[in-house]
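One-letter residues, chain by chain:
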Amino acid sequence: QVQLEQSGADVQKSGASVKVSCRASGYSFTGTYIHWVRQAPTKGLEYMGRISPNTGSTEYAQKFQGRVTLSTDTSIRTAYMELQSLTSGDTAIYYCARGGPVALDFDYWGLGTLITVSS
Amino acid sequence: QAVVTQEPSLTVSPGGTVTLTCGSSTGAVTNSHYPYWFQQKPGQAPRTLIYDTTKKHSWTPARFSGSLLGDKAALTLSGAQPEDEADYYCLLSYYGVRVFGGGTKVTVL
């Protein structure tokens, strides 16, 4: 069955960077995309971007351009989201979700990774 | 970047019907925006209910349906159940740029 297993919660200082991982199983990792979405406490969902594990091509939401880097390691079927120059506003749960053709887009989600940024 | 708007909150009686809408600051929502609808319950990851305006996943309860209503995308819940109390988010695609709505909190009361 399709599963997206995310790394555990983390606490980082303001100004630091954080890297969240998302390990895929149960489907063709290179045949789809991986989306990243975040949710600040008590707030709504916010789209960050997506990556093609097959080609490495990325698309970033305008808000995160220059501050987020998406990458993959196809040998271990894992996608990564690195966010730099953290502020308290980046405290959120970060989700990965499978992407692809319309029928597969956002059909499976990871459980989320809580990133807390402290001053 | 476009802004996607949803009702902040709606209340529905058990067994009743409620319609959530999803509008766009750029104009009418069309099938070309490939509207998605997600349900999120407290402490859980979102779950996709509707994709491509009207299509359902195998896990989508039959009481949920998607459509275009006027110049907006819509999610209709017919025969609300207590377990449908949740936050609902729409997502629109603008030539590949994806934007979430602010979400609608649905209370079944």
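Residues numbered from 1 in each chain as written. Chains lettered and ligands numbered in written order. Predicted model: local features only at pLDDT ≥ 70, side-chain atom pairs only at ≥ 80, totals over all residues. Heavy atoms only, no water.

**Describing the overall build of chain B**
Looking only at helices and strands, chain B features zero helices and eleven strands. Order of helices (α) and strands (β) in chain B, N terminus to C terminus: β-β-β-β-β-β-β-β-β-β-β. Here the C-alpha radius of gyration of chain B, 13 Å, is about what a compact globule of 109 residues would show, namely 13 Å. Here the C-alpha coordinates of chain B stretch approximately 35 × 30 × 30 Å along the principal axes. The 109 residues of chain B split such that 51% are buried. (Helix = DSSP H or I, 4+ residues; strand = E, 2+ residues; numbered from the N terminus. Rg over C-alpha atoms; globule rule 2.2 N^0.38 Å. Buried < 20%, exposed > 50% of the residue type's maximum accessible area, 1.4 Å probe, protein only.)

**Remarks on the state of the cysteines**
Under the counting rule described, the total for this entry stands at two disulfides over all chains. Between the sulfur of A:C22 and that of A:C96 lies a disulfide, 2.1 Å long from S to S. Judged by the sign of its S-S torsion, about 80°, the cystine formed by A:C22 and A:C96 is right-handed. Taken as a pair, A:C22 in strand β3 (residues 18-25) and A:C96 in strand β9 (residues 92-99) lie far apart in primary sequence, 74 residues in all. An identical accessibility class is assigned to A:C22 and A:C96; each is buried. The disulfide bridge from B:C22 ends at B:C90, spanning 2.1 Å between sulfur atoms. Taking the torsion about the S-S bond as the criterion, the B:C22 to B:C90 disulfide, at about 75°, is right-handed. Of this pair, B:C22 sits in strand β3 (residues 17-24) while B:C90 sits in strand β9 (residues 86-94), placing them 68 residues apart in sequence. With relative accessibility at 0%, the residue B:C22 sits in the buried group. (Disulfide = S-S within 2.5 Å.)

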